[in-house]
Amino acid sequence: MTKSVFEGLALAIDAIGKREFYPAVTEYLRRCLSFDNVIVIVFSGTAVPNVLYKKIYGPDVFRYLAEQYLPAAYLLDPIYHFHLRRGAPGLYRLLDVAPDQFRRSRYFKWYYGRIGITDEISVVLPTGENATVTISMGKDGSSGEAFAQKAEECLRSHEPAIMSLLRAHWVASETPPAVAPRSMSITDSLIAAMRTHHNVLLSKRQAEVALLILQGHSSPSIGLNLGVSPQTVKVFRKQLYSKCSLSSQAELFALMMPILERATSHGSGRQYERSGVIETTPWRG
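Residues numbered from 1 in each chain as written. Predicted model: local features only at pLDDT ≥ 70, side-chain atom pairs only at ≥ 80, totals over all residues. Heavy atoms only, no water.

K.L.:
Looking at this structure, I do not really get the packing of aromatic side chains. What am I missing?
P.N.:
When we look at a pair of aromatic rings, we describe it by the centre distance and by the angle of the planes. Evaluation of the coordinates by the stated rule reveals 16 aromatic pairs. On the numbers, 6.3 Å between centres and 55° between planes, the contact of Tyr 69 with Tyr 74 is tilted. Just as Tyr 69 is buried, Tyr 74 falls in that class too. Look at Phe 102 and Phe 108: their rings are 5.3 Å apart centre to centre, the planes differ by 75°, and that puts the pair in the edge-to-face class. In this structure, Phe 102 and Phe 108 share a single accessibility class: buried. Every member of this aromatic cluster is reached through a ring pair, and the members are Phe 43, Tyr 69, Tyr 74, Tyr 80, Phe 102, Tyr 107, Phe 108, Trp 110, Tyr 111, Tyr 112 and Phe 253. Directly above the ring of Tyr 57 sits Arg 30, whose terminal nitrogen or CZ lies 3.6 Å from the centroid. For the cation-ring pair, Arg 114 lies above Tyr 64, with the distance from its terminal atom to the ring centre recorded as 4.3 Å. (Phe/Tyr/Trp six-rings, centres within 6.5 Å; stacked < 30°, edge-to-face > 60°. Buried < 20%, exposed > 50% of the residue type's maximum accessible area, 1.4 Å probe, protein only. Lys NZ or Arg CZ within 6 Å of the ring centre and 35° of its normal.)

K.L.:
What should I look at first to understand the pattern of salt bridges in this one?
P.N.:
Pairs may arise between side chains of opposite charge once their charged atoms sit close together. Evaluated as defined, the whole model comprises 7 salt bridges. Taking the shortest distance from any N to any O, the salt bridge between Glu 145 and Lys 139 comes out at 3.3 Å. Residue Glu 145 is classed as partly exposed on the basis of its relative accessible area, which comes to 44%. The exposure class of Lys 139 is buried, given its relative accessible area of 6%. Measuring nitrogen to oxygen at the nearest pair gives 2.8 Å for the salt bridge that ties Arg 205 to Glu 208. Pair noted here: Arg 205 and Glu 208 are both in helix H10 (residues 204-215), with a separation of 3 residues, about one helical turn. Exposure remark for Arg 205: the relative accessible area of 31% places this residue in the partly exposed category. Owing to a relative accessible area of 15%, Glu 208 belongs among the buried residues under this scheme. Here the salt bridges do not stand alone but share partners, grouping Arg 93, Asp 119, Glu 152 and Arg 156 into one network. (Salt bridge = Lys/Arg side-chain N within 4 Å of Asp/Glu carboxyl O. Helix = DSSP H or I, 4+ residues; strand = E, 2+ residues; numbered from the N terminus.)

K.L.:
Quick question: what am I supposed to make of unusual backbone geometry here?
P.N.:
If you check the backbone angles, Arg 86 has positive phi at about 55° while not being a glycine. Looking at where Arg 86 falls in the secondary structure, it is placed in the loop between helix H4 (78-84) and strand S3 (90-93). A residue is classified by how much of its surface remains accessible, and Arg 86, at 31% relative accessible area, is partly exposed.

K.L.:
In this structure, what is going on with empty space enclosed by the protein? I would like to understand it.
P.N.:
Any space left empty among the atoms is revealed by the rolling of a water-sized probe across them. Going through the model one piece at a time under the given rule, you end up with 1 cavity of 30 Å³ or more. Reported here for the largest cavity is a volume of approximately 210 Å³. In terms of lining residues, the largest cavity is bounded by 19 residues, among which Ile 39, Ile 41, Tyr 69, Tyr 112 and Glu 120 are the most central. For the lining of the largest cavity, the residue count by class is 13 nonpolar, 4 polar and 2 charged. (1 Å grid on protein atoms, 1.4 Å probe; cavity = no way out; pocket = protein on both sides within 12 Å on 5 of 7 lines; lining within 4 Å. Points joined across faces, edges and corners; volume = space filled by probe spheres on them. Nonpolar A, V, L, I, M, F, W, Y, C, P; charged D, E, K, R; others polar.)

K.L.:
What is the right way to read the environment of Met 137 from this model?
P.N.:
On the secondary structure map, Met 137 appears in strand S5 (residues 131-140). Its relative accessible area of 0% is what places Met 137 among the buried residues. Spatially, the C-alpha atoms of Met 137 and Phe 147 are 9.9 Å apart, while their sequence positions differ by 10 residues. Met 137 has contacts with Leu 29, Leu 33, Phe 35, Asn 37, Val 38, Asp 119, Glu 120, Ile 121, Val 123, Phe 147 and Leu 155, leaving out every residue within four places of it along the chain. (Contact = heavy atoms within 4.5 Å.)

Structure below.
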């Protein structure tokens, strides 16, 4: 097994700066940690993420990627917000970087619940001024299990080599195309869209609370993010629900998701996977 892992590492080193790098590095990672699916995404500022590579060994957990995740759902994803915070490089389980009520959020049930990913570990490497390279390895319902502790420890023992590979490839490969940032923040876009399409005038705080609720933050967590008390958050939440004639998070989610999609699709051309590759290993389920 050790020989196999180091053979994979050697092949990944040989592929630095080449098109076959990400297939090679994910094969190396799979010799450390057995996963059911993998995706490489580069986040650049607030632009729509760029999918560079993905591969599935079982059910197609990426079937909603182009249709739902890239048009808008990524705006609620913990890894995207970790990128915006410029989190430290490393290996992270999804719940390590997620809001405190992420598993109870409507987003988690709507997206992760439907695609069937049961566990996820991501390699996260912030690079340059505003980019983050991520490699997310997942387990799905076909294996019916989470990542074993021993396998995770094996992967973590290779963290220095993994990070060095990604840094070297980033430097050696061609500079990614510049992506224009959004002209408005998502908060401002949400306020403008609610006014235009629903004749609802949200304050900045009400819009911020709406987005944090959708991400899976509790009232105390929202308060910490905004620098206000949980009681004040409850007031903003009550005002938000009253203005929008809502009674549940499910209704809030149904109202906001189309708005978020419009905000990201404007001017993007929907070219979500400009240099992406997908590979599929036949699944016999």
